[in-house]
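Observations on the model geometry
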Amino acid sequence: MSALVAVASLLAGCATDDVGDVGDWRKDPGLPGAVVANLPTGITVASDVPAELALIASQTIFAAAPAVVLVEDGDPEAEAAAAEAADEVDGPVLAVGGVISDDGLRIELERLGATGVLVVGDVEDATLRSIAPAATAVRLKSSWAAGTPTGDTEIAGAIAQLPERGKPQQATEAVALVDPDADEDVTLAVATARAAGAVVIEVPGGDPRASHASVDALANAQALSAIGIGTTFGSSSQLAARFRAASTGVELPGGGQLVTGSRYVGLAGSPVSPSLGALGRQDVDATVTRAAEVAGAVDPDAVPTLEIAATVAAPAAGEDGDFSNETPADELRPLVEAGLAAGQSVVLDFQPGGSTFVEQLAEYRDLLDLPGVGVALDLEWRYPDGAPGGLVAGRVPAAEVDEALAYLADVVVDGALPQKLVVLRDDATPSVDDPGALDLQRDPLGVVVSLPGDVDAPAWSTAADDVMAGVRLTLPSWGLPAAADDGTPAYVVYR
């Protein structure tokens, strides 16, 4: 008999006229009830051992629980019944007889202040006395044979025998995230989260930003806390940032909040200088229309893209002495907003000359705070050693590029934004010292490396696998071993 059928068999015999609403049964407002812990914005509960995961979930989610469910470890049918009962017990589920010692379970019950335990499965009396010596224990048998329940104590009746307890304080503004694609048994931990009042939401892959479905679900939930149950949700800080972003409901073109997986095709140039490229050779509305036509002609599934020159390297120092001509952000805003409104990706291109990348990025912070606005860093047009002596390729330390990536990651996290597209353009490779020293794995950013098509790029091709993992290329023919090479250029703009 399946676990669900077994639970249904137990519930079928409940006489609700006799025991009343199980959810309110034996709850006295004058007595202590379950209390949910003060949950942070995001917290992960992770272990690949179900019994350990159940204990961590209890420790994380509940501050107190006068009633707890104890279940025989490794018995799927017993665990299904225990999970079903936990909703009405309003307390966590802990596994007995597995990797967690009796002393460990006893300490947890003492911390919770448990005065009653609902026992499911074949937990020995001696073990029970060791784990819960002072608690009232009520057994709910869950051993099934030949399709017929052998236990005669029903869930509702068993719960009614537990000591009286007060009304629980629940996590009504929390969500519990589970990854249906993960090969993990999270049954007990999910039951604990549900018993605490959390709404369970499935997040395939573990990243709530990854799909329209997960972003939409979290936006509708309007929760204040997220509990990631399982090993695929990353660190607690990572989950918190992803959860905050997904909860805004703002999506990128193509759905979801990740730039990876999409192909970006469009126009490049400046709206104030037609000589810099095709983007600036028509008015705003016509530019947006032309970008869509170009993208559609190359790849109907591509995201139309506007690469807008924010700063352009110059042979002369200029009034500010930085060898870079900056277009004021206010002059770029009409095209930026028109592109975003049309569902296009907008990328601001920076050629900082004698300034640092961060110095120039900060001048355009108001535009970078907009969802869907990415950045292209032209590495060869940075002159850290002073005047270029003409328009020649420069060179930039990896530390400075990393500083710019860290700045952009902070913009995303601070603004609860979708992932931001960052193009590192190295057309005079290698323009960056030691690409292998770069941190390209920042979760708030989706990095594309743009390399020239007519020269070798040994500095990039020798970068370690963990540096390039997941990084996409404009020229996948380079075949960098760990890069996300799907056979098509990830980013193409026409001048």
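Before reading further, recall that the structure is shown in the block above.
What this report covers is the structure whose coordinates are included nearby. Sequence order sets the numbering: in each chain, residues are counted from 1 along the sequence as written. Reporting in this predicted model follows two pLDDT cut-offs: at least 70 for local features of residues, and 80 or more for side-chain atom pairs to be given and counted; totals over whole chains, interfaces and linings ignore these cut-offs and use all residues. The side-chain figures draw on all heavy atoms in the structure; neither hydrogens nor water molecules are used.

1. Section: the overall build of the protein
Scanning the protein from terminus to terminus reveals 17 helices and 22 strands. Summary of the burial criterion: residues with accessible area below 20% of their type's maximum are buried, those above 50% are exposed, and those between are partly exposed, where the area comes from a 1.4 Å probe applied to protein chains only. Taking all 495 residues of the protein together, 52% fall into the buried category. We call two residues in contact whenever any of their non-hydrogen atoms come within 4.5 Å of each other. Sequence-distant contacts in the protein: of pairs separated by 6 or more residues, those separated by 24 or more amount to 72%. Note on areas: these come from Shrake-Rupley sampling with a 1.4 Å probe, and a residue is covered only by the protein chains present in the view. Accessible surface for the protein amounts to roughly 19700 Å². Of this, 50% is attributable to carbon and sulfur atoms. A run of H or I in DSSP becomes a helix once it reaches four residues, and a run of E becomes a strand once it reaches two; helices and strands are each numbered from the N terminus.

2. Regarding the packing of helix α4 (residues 76-89) against helix α8 (residues 187-195)
Each axis is a line fitted through C-alpha atoms, and for a helix only the stretch in contact is used; angles between axes span 0 to 180 degrees, taken between their N-to-C directions. Where α4 meets α8, the axes come as close as 8 Å, and the angle between the chain directions of the two elements is 10°. Put simply, α4 runs roughly parallel to α8. Between α4 and α8, the residues in contact are E79, A83, A86 and D87 and T187, L188, A191, R194 and A195, respectively. Roughly parallel here means an angle under 35 degrees, roughly antiparallel means over 145, roughly perpendicular means 65 to 115, and every remaining angle is called oblique.

3. Things to note about the sheet that holds strand β6 (residues 116-120)
Across a sheet, paired strands are connected by hydrogen bonds in the backbone, their directions being either parallel or antiparallel. Pairing within the open sheet is parallel, and its four strands lie in the order β5-β4-β6-β7. Only two strands of the sheet have a single partner each, and these edge strands are β5 (93-96) and β7 (136-140). In this sheet, adjacent strand axes meet at a mean angle of 25° when their direction is disregarded. DSSP bridges decide pairing: two strands pair if at least two such bridges lie between them. Alignment of strand β4 (residues 67-72) against β5, held across four bridges, turns out to be parallel. Across the sheet, residue V71 finds its bridge partner in β5, namely A95.

4. What about helix α10 (residues 236-247)?
A helix's residues, less one, multiplied by 1.5 Å, set its expected span. The end-to-end C-alpha distance of α10, which contains 12 residues, comes to 16 Å, matching closely the 16 Å that a straight helix rising 1.5 Å per residue would cover. Buried residues along α10 sit against β2 (42-45), β10 (174-178), α9 (212-221) and β12 (225-229). Just downstream of α10, G249 is the residue with a positive phi angle, here 80°.

5. As for the side chain of S225
Along the chain, the position of S225 falls in strand β12. Taking relative accessible area as the criterion, S225 reaches 8% and is therefore assigned buried. Whenever two N or O atoms come within 3.5 Å, that pair is a polar contact, provided that in protein one can donate a hydrogen and the other can accept it, and provided that, for residues adjacent in sequence, both atoms are side-chain atoms. In terms of polar contacts, S225 uses its side chain to reach the backbone carbonyl oxygen of P40, at 3.0 Å. Setting aside residues no more than four positions away along its own chain, S225 makes contact with L39, P40, T41, E173, A174, V175 and F243.

6. Some points on the pattern of salt bridges
Every case where a carboxyl oxygen of Asp or Glu lies within 4 Å of a side-chain nitrogen of Lys or Arg is listed as a salt bridge. Per the stated rule, a full pass over the model turns up 18 salt bridges. Across the salt bridge formed by D369 and R365, the nearest N and O atoms sit 2.8 Å from each other. Among the residues examined, R365 registers a relative accessible area of 26% and is labelled partly exposed. Taken together, the salt bridges that share partners define one network made up of E307, D349, D378, R425 and R495.

7. Quick notes on the nonpolar core
The nonpolar core is taken to be a set of buried Ala, Val, Leu, Ile, Met, Phe, Trp, Tyr and Cys residues, with the residues joined through side-chain atoms within 4.5 Å. Membership of the largest hydrophobic core comes to 64 residues, with the highest contact counts inside it found for V68, V117, L118, V120 and I229. Contact partners of V117, with chain neighbours within four places excluded, come to V68, L70, L109, L128, A132, A135, T136, A137, V138 and L162. Counting 49 residues, the second largest nonpolar core, distinct from the first, contains V265, A295, V432 and L440.

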